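Residues per chain, in single letters:
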Amino acid sequence: MRSNNPPSGWPTHWVKVVASLFVAWHFYSIFGAVTATSTSMLHPAPLPALQIARTSYMYREALFLHNAYRFYVPDPGPVQTMWFRLEYEGPKGRSIAYWYELPRRDDFSFRMSYQRHLSVSMLLQMQGYDPTKPEQLHPLSETLQSSYVRHIAYKFPKHPRAEEAGELKKIDVYHAGRVMYPTGDHIRRGLTLDDPRWYRPVFYASYAPDGTKLELDPAKKFLRQSLPELLQGVLSQSEEQASFSDLFPVTAEFLLYDYHPLRFEMGYESKQALELLNPPAPMARLLREVPEALDIGEVINQRVYADLVLRMHQWMKVRRPVRPLEEDLPPLGFRPVPQKPTAPTGADKPPALLPNSGRPAIGN
Amino acid sequence: MWHALVQAVGDYFRTLFQTLKRGWDTFWFTPTDPTTVAVIRILTGATLVYTHLVALGVVLDLIGSHAWVDMRAIDSIRSGEFLDATGFRQRAMDQNNRTLLRETRPPVHYSVYYYLPQQDWLILTVHSFFLLTMVTFTLGLFTRISNVLAWLGHLSYITRGYTIWFGMDTVLLMLSFYLMFTNSGATLSLDRLRQEWARRRNQNDLKPSWPDFFFASALPSWSANFVTRLIQVHMCIIYGCAGLAKLQGGSWWSGTAVWITMMTDEFTLMDFQWLAHLGRYTWIWVSAIATAFTLFFEISFPFLIWTRFWRPILLAMAVLLHAGIGLVMGLGAFGAAMLTGCVSFISPEGMRWFLDLTLRRKEKPDGDRVGGHTRHEGERVPVPA
C-alpha cells in the first residue's frame, strides 16, 4: 500500500499526478504553438500541427503562450515603419500638411519606448494581405490601421507647427521599409546604408480622422499608384531600374502638393516650410542630397511631377555614383587602354533645372 | 516458447515504465534549495520594473483611452465584428472558404484594462499599481501575491497594447507565470528577512546583520525544482525552435544573416559599415562566423545543456550571444530576459557559492556548509541536474 507520508520536501502521490498532468498538457499546448506557425508562404505549417494546435488554442491565448519563437526567420527582414500625412485646412482654400513617422528614434528618450513603437508598426504589417482580396490588408490589420489613424487624429487635432492651419481633414497612410540592406560589396561601391534609395514607401490609403477609409480621388490615384508603376515599367527596360527608388515619386508628390503651396502661395522660406511639414527622415535626407528639387517652379502639373521624379533619379545617380571595385574590372592585361583626358564636357555634373522665370521650371 | 517471449517483452516494458517513472519523479519532484528560483525572481522582476518604468512617459500612447489600438478596435477584434466590418466574412463565404474564416478567428486575450472605464487617470493609476507590485515582487515582499499581480500586470499591459509586444515580453510572461508555482521569496527576499527576524527575535539572537537575514537559506522544496525544470524545458524549446526555424532561411545558410542584422539601422546602436572597408572578405567572414555561432548555439542548446561538460560552455555562449544581440540590435532587455531563463541551469549550490563569493564576501562559521550551502537537519541531498 502506498504511504501517505512522502519523504521530507517531496510531494504526495496525488500532487505528483496533478503536476504531471499539468506538465503534459502545458507542453502539449506549447508544442501546438511552435509547430502550427507558418514561417512564410513557402514554409507553411503542417496540417496535423494546425489541427493539434486548435485543441489548446484558448489556453495558449489566455496565457499569451502563443509565440513560436522564430526570431529573425526565415531571414532577418527589413524593418517596416509607417508614415502618416496629416492634411489640415489652410488659408485660401489650401491645405497644410504635417508628416508623422512611426517611429522616429529622436522622439523617444528610452530605447524600450522606441522598441514598443517599432512593434506597433511591424506587427500590423506582419499580418500580410487579405487572402480574399489581395489588394487590401488583412482584416485584422485593417482594423488596427483605422485605430492608428484615430490615435494620430487625437494626438494632432491641430497642426503642431502652423498656427494658420485649421481642422484636420484627412490622414494618408504610407507603409515604408527598405528594399534590402546593403552588403559589404554595396558599401564598398558607394551604396552606403544612408542612401535614401534603399527606402520603399508605398501609399496605402486615405482615412477620415474617425478612421473611416476614404475613396481616393482619381488625380491622386494616378499620381500615387498608376504613375509610379508606369515609371517603374519604363525603367525596367533598362539598367536604370536598379537605382530607381519608390521614394522619388513620394517625394515628388510631397514637393508638389505640400511644399509648393507653402513656398509659392503662402510665402514661407524653404527651410521654414520644411520644418513645418516635418518630412520623414529618408525623404529629408533625399532632399538634402538633391536640393535642386526644392527649386520647383510656380506652375505644376502631372508632367512636372513625372519630370521631377526622373530628375531626382538622375541627380542621385550623379551624387552617389556606383564605384567599380577592383574585382569588377577585367584581369590586368585585358583592361582597355585608358584614353587621354579631354576637356571637361560637363557630363559629370547633375542636370540643372531650367531657370524659374514665372513659368513652369520643369517639364517644358 | 511463445510464453517466454511474451514474458520477456512484458518484462522489458515493465522495466521501461518503472525506469521512466523513476526518472520522471527524480527530474520533476526532487526537492531543491530555492536559491536559483529566487535569483530568477529578482532578475525577472527587475526587468519587468525596467520595462514598465521607462514606459511611464508613453504609457497613454500604448494603453491609454486613445492609444494606438483603442478599445473600439479591441472590442471589434474580440467580438469578431471586424470580420464583417472589413467585408472579410462575406468574401470568404462567397468564395466558399470556411477554413479561412476559421483560421482568422480573433485571439482570446484578457486584460484588466479591458474592463476599466476608459479614463486616462485611472489607467495611469492601475499601471502604477502594477509597477509597484513588480517592485515588491523583485524585492520579495509578499512574494506569492505580488508574483500573481506582477504577471497579471504585464499580461494586461501587453494584451491591451495589442501590437506593442516583442520576444522579450513572451519570455518575461513565461518566467513570471512559472514562478507562481513556487514560493520564490523563500530566500533572498524581504519575506525571508521578516521571517528570520521574527524567528531570531523570539530566540533573542539578533546578532547577525540584516544581509544575513536576507541571504538566509530556505528548506529545499519540490516546487522550486518543479519550476526550475519548467523554465529549463521551456528555454530548450525556445532555443531549439529559434535555431531550427533559421535553417529555412537562405541568409542563415549563406552566412549573411548577422550582417543583415548589423545593417538594420532601425535597431542598431552603432554603425558597422566600417567592417566593409577592412578588406574584400572581412565582413563576410565576421558575419559567417557569427551566424554559425548562433546556429550552433541555438540548435545544440536543447541537447548539450543537460551534460556537465557542455553546460558551462553553453551558458558562456548564451552570455556572448545576448551581449552581441544587445550591442548589435540594441535588444538589451530581451537579452536580460533570456539570460534570466538560462540562470535556471545554474544549480542552487553553484548559485549560493557565487552569491557568497560576490555579495557576502565571507564564510559563515555556523552550520554544516557543503559547497557554500547550509544544510538543514533532515535535508536530502539534491540530485544534480
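Every chain begins its residue count from 1, and numbering advances along the sequence as written. Labels follow written order: the first chain is A, the first ligand is 1, and so on. Local features in this predicted model are restricted to residues of pLDDT 70 or higher, and side-chain atom pairs are both shown and tallied only at a pLDDT of 80 or more, whereas totals for entire chains, interfaces and linings draw on every residue. As a convention, hydrogens and water are excluded, and side-chain values are obtained from all of the structure's heavy atoms.

## A look at the overall build of chain B
Point 1. Broken down by element type, chain B carries 19 helices and two strands.
Point 2. Taken along its principal axes, the extent of the C-alpha atoms in chain B is 75 × 70 × 65 Å.
Point 3. We call a residue buried when its accessible area falls under 20% of the maximum for its residue type, exposed when it is over 50%, and partly exposed in between, using a 1.4 Å probe and counting protein chains only. Expressed as a percentage of the 385 residues in chain B, the buried residues total 55%.
Point 4. Note on definitions: a residue-residue contact is assigned when non-hydrogen atoms from the two residues lie within 4.5 Å. The long-range fraction of contacts in chain B, counting pairs at least 24 apart against all pairs at least 6 apart in sequence, stands at 75%.
Point 5. Only carbon and sulfur atoms are counted for the fraction: they give 68% of the accessible area of chain B, which is about 17300 Å².
Point 6. By the counting scheme adopted, Arg and Lys are positive, Glu and Asp are negative, and His together with the chain ends is not counted. Taken as the charge centre is NZ of Lys, CZ of Arg, CG of Asp or CD of Glu, depending on the residue. Averaging the locations of the 32 positively and 27 negatively charged side chains of chain B gives two centres separated by 6 Å. Strands here mean DSSP runs of E at least two residues long; helices mean DSSP runs of H or I at least four residues long; both are numbered from the N terminus. In this description, accessible areas are obtained by the Shrake-Rupley approach with a 1.4 Å probe, and a residue is regarded as covered only by the protein chains that are shown.

## Looking at the layout of surface pockets
One simple way to see leftover space: roll a probe sized like a water molecule over the atoms.
Point 1. Computed from the structure, the second largest pocket encloses a volume of approximately 760 Å³.
Point 2. For the lining of the second largest pocket, the secondary structure elements donating two or more residues are strand S4 (133-137), helix H5 (139-155), strand S6 (202-207), strand S7 (213-214) and helix H7 (218-235) of chain A together with helix H4 (71-79) and helix H5 (81-85) of chain B.
Point 3. Of all the elements, S6 of chain A adds the most residues to the lining of the second largest pocket, at five residues. Using only the protein atoms, space was sampled on a 1 Å grid; points where a 1.4 Å probe fits but cannot get out form cavities, open sets with protein on both sides within 12 Å along at least five of seven lines form pockets, and lining residues are those with an atom within 4 Å of a point. Grid points are joined across faces, edges and corners, and a volume is the space filled by probe spheres set on the points.

## What to know about the side chain of Ser121 of chain A
All names here are of chain A.
Point 1. Take Ser121: it is sitting in helix H4 (residues 111-126).
Point 2. A distance of 2.7 Å separates a polar atom in the side chain of Ser121 from the backbone oxygen of Gln80.
Point 3. Filtering out sequence-adjacent residues up to four positions away, Ser121 remains in contact with Gln80, Thr81, Met82 and Leu102. Polar contacts, as counted here, are pairs of nitrogen or oxygen atoms within 3.5 Å of one another; within protein the pair requires one atom able to donate a hydrogen and one able to accept it, and residues that are adjacent in sequence qualify only if both atoms are side-chain atoms.

## Considerations on the domain arrangement of chain B
All names here are of chain B.
Point 1. You can read the domains of chain B as domain 1 (28-205) and domain 2 (223-330).
Point 2. Throughout, the edges of the domains are those of an automatic or database domain assignment. The C-alpha-based centres of domain 1 and domain 2 are spaced at 27 Å.
Point 3. Across the contact, 15 residues belong to domain 1 and 13 residues belong to domain 2.
Point 4. A buried area of about 1300 Å², summed over both sides, lies between domain 1 and domain 2, and 77% of it is on carbon and sulfur atoms.
Point 5. As used here, buried area is the combined drop in accessible area, with a 1.4 Å probe, of two parts when they are placed together. Together, Trp28, Met174 and Tyr178 form the three largest contributors to the area buried by domain 1 at its contact with domain 2, with a combined 49%.

## Digging into the pattern of salt bridges
Point 1. Basic side-chain nitrogens of Lys or Arg form a salt bridge, by our definition, when they fall within 4 Å of a carboxyl oxygen of Asp or Glu. This model, assessed by the stated rule, comprises 31 salt bridges over all chains.
Point 2. Notably, a salt bridge pairs Arg116 of chain A with Asp169 of chain B, separated by 2.7 Å at the nearest N-O pair. Placement of the pair is Arg116 of chain A in helix H4 and Asp169 of chain B in helix H10 (residues 167-179), with the two residues belonging to separate chains. With respect to burial, Arg116 of chain A and Asp169 of chain B carry one shared label: buried.
Point 3. In this structure, the salt-bridge partner of Arg178 of chain A is Asp265 of chain B, at a minimum N-O distance of 2.9 Å. Placement of Arg178 of chain A in the loop between strand S5 (168-177) and helix H6 (184-188) and of Asp265 of chain B in the loop between helix H15 (257-263) and helix H16 (282-304) is noted, with the two residues assigned to different chains.
Point 4. Owing to a relative accessible area of 4%, Arg178 of chain A belongs among the buried residues under this scheme.
Point 5. We classify Asp265 of chain B as partly exposed; its relative accessible area is 25%.
Point 6. Via salt bridges that share partners, Arg85, Glu87, Lys169, Lys170, Asp172 and Asp258 of chain A belong to a single interconnected network.

## Describing helix H13 (residues 222-246) of chain B
Point 1. Across its 25 residues, H13 of chain B extends 36 Å between first and last C-alpha, which sits within 8% of the 36 Å expected from 1.5 Å per residue.
Point 2. Within H13 of chain B, 21 of the 25 residues are buried, which leaves the element mostly enclosed by the surrounding structure. Between the first and last residue of a helix there are one fewer steps than residues, each counted as 1.5 Å, and that sum is the expected span.

## Remarks on the state of the cysteines
Residue and element names in this part refer to chain B.
Point 1. A pair of cysteine sulfur atoms is labelled a disulfide when the two atoms are within 2.5 Å. Summed over all chains, the structure comprises zero disulfides over all chains.
Point 2. There is no disulfide at Cys241, and the cysteine sulfur nearest it, in Cys236, is 11 Å away.
Point 3. Judged by its relative accessible area of 17%, Cys241 falls in the buried class.
Point 4. Of all cysteine sulfurs in the structure, the one in Cys236 sits closest to Cys342, which takes part in no disulfide; the separation is 9.2 Å.
Point 5. Accessibility expressed as a relative area gives 3% for Cys342, which makes it buried.

## Digging into the pairing of S4 of chain A
All names here are of chain A.
Point 1. For two strands to count as paired, DSSP must find a minimum of two bridges between them. Of the strand pairs in this sheet, strand S3 (residues 129-130) and S4 are connected by two bridges, and their pairing is antiparallel. For Asp130, the partnering residue across the bridge sits in S4 and is Lys133.
Point 2. Hairpin connection between S3 and S4: a loop of two residues separates the two successive antiparallel strands.

## Regarding the interface of chain A and chain B
Point 1. Counting from both sides, the interface comprises 88 residues of chain A and, opposite them, 99 residues of chain B.
Point 2. Summing both partners gives a buried area of about 8500 Å² for chain A against chain B, and 65% of it is carried by carbon and sulfur.
Point 3. Taken together, chain A and chain B are joined by six salt bridges.
Point 4. Between Asp70 of chain B and Arg150 of chain A there is a salt bridge, and its shortest N-O distance comes to 2.7 Å.
Point 5. Applying the counting criterion to the chain A and chain B interface returns 39 residue pairs in polar contact (both at pLDDT 80 or more).
Point 6. For the side of chain A that touches chain B, the secondary structure elements donating two or more residues are helix H1 (13-35), helix H2 (47-54), helix H3 (57-63), strand S2 (95-102), H4, S4, H5 and H6 of chain A.
Point 7. When grouped by side-chain class, the residues that make up the side of chain A that touches chain B number 49 nonpolar, 21 polar and 18 charged. Lys, Arg, Asp and Glu make up the charged group, whereas Ala, Val, Leu, Ile, Met, Phe, Trp, Tyr, Cys and Pro make up the nonpolar group; the residues left over, Gly among them, are polar.

## Focus: the pairing of strand S1 (residues 80-89) of chain A
All names here are of chain A.
Point 1. Judged by how many residues are buried, S1 sits mostly within the fold: eight of ten residues are covered.
Point 2. Sheet topology places S1 next to S5; nine bridges connect them, and they run antiparallel. Bridge pairing in S5 links Thr81 to Ala176.
Point 3. Here S1 pairs with S2 via eight bridges, running antiparallel. If you follow Phe84 over to S2, its bridge partner there is Tyr100.
Point 4. Hairpin remark: S1 followed by S2, antiparallel, with five residues in the connecting loop; positive phi at Lys92, about 55°.

## With respect to the environment of Ala245 of chain B
All names here are of chain B.
Point 1. Take Ala245: it is sitting in helix H13.
Point 2. For Ala245, a relative accessible area of 7% puts it in the buried group.
Point 3. Placed 138 residues apart in sequence, Ala245 and Pro107 show a C-alpha to C-alpha distance of 24 Å.

## A few points about the nonpolar core
Point 1. The set of buried Ala, Val, Leu, Ile, Met, Phe, Trp, Tyr and Cys residues whose side-chain atoms join them within 4.5 Å is what this entry labels a nonpolar core. Grouped together as the largest cluster of nonpolar side chains are 185 residues, with contacts concentrated most on Phe84 and Leu86 of chain A together with Met235 of chain B.
Point 2. When neighbours within four sequence positions are excluded, Met235 of chain B is seen to be in contact with Met174, Phe301, Met338, Gly341, Cys342 and Phe345 of chain B.

## Details of the confidence of the model for chain A
Point 1. Along the chain, pLDDT gives the predictor's confidence residue by residue, from 0 to 100. Across chain A, the average pLDDT comes to 82, with 84% of residues at or above 70.
Point 2. Of the regions scoring below 50 in pLDDT, residues 354-364 of chain A engages in 20 contacts with residues more than four places distant in sequence or in other chains.

## Details of the packing of helix H2 (residues 35-54) of chain B against H10 of chain B
Residue and element names in this part refer to chain B.
Point 1. Put simply, H2 and H10 touch, their axes get as near as 10 Å, and they point 135° apart. One way to sum up the angle between H2 and H10 is to call them oblique. At the point where H2 passes H10, the crossing takes the left-handed sense. The residues of H10 that touch H2, namely those facing Val37, Ile40, Arg41, Thr44, Thr47, Leu48 and Thr51, are Met168, Leu172, Leu175, Ser176 and Leu179.
Point 2. Residues belonging to the contact of H2 with H10 are distributed by class as follows: seven nonpolar, four polar and one charged. In this description, a line fitted to the C-alpha atoms serves as the axis of each element, helices being fitted only across the stretch in contact, and the angle between N-to-C directions of two axes falls anywhere from 0 to 180 degrees. Every angle not falling under 35 degrees, over 145, or within 65 to 115 is termed oblique; those three ranges are roughly parallel, roughly antiparallel and roughly perpendicular. A crossing counts as left-handed when the near helix is turned anticlockwise from the far one by less than a right angle, and as right-handed when that turn is clockwise.

## Quick word on the sheet that holds S1 of chain A
Residues and elements named next belong to chain A.
Point 1. In space, the five strands of this open sheet follow the order S2-S1-S5-S6-S7, with antiparallel pairing throughout. With one partner strand each, in any of the chains shown, S2 and S7 form the two edges of the open sheet.
Point 2. Against the sheet, H4 engages S1, S2 and S5, with an angle of about 100° to S1.
Point 3. In the packing of H5 onto the sheet, contacts are made with S1, S2, S5, S6 and S7, and the angle to S5 comes to roughly 125°.

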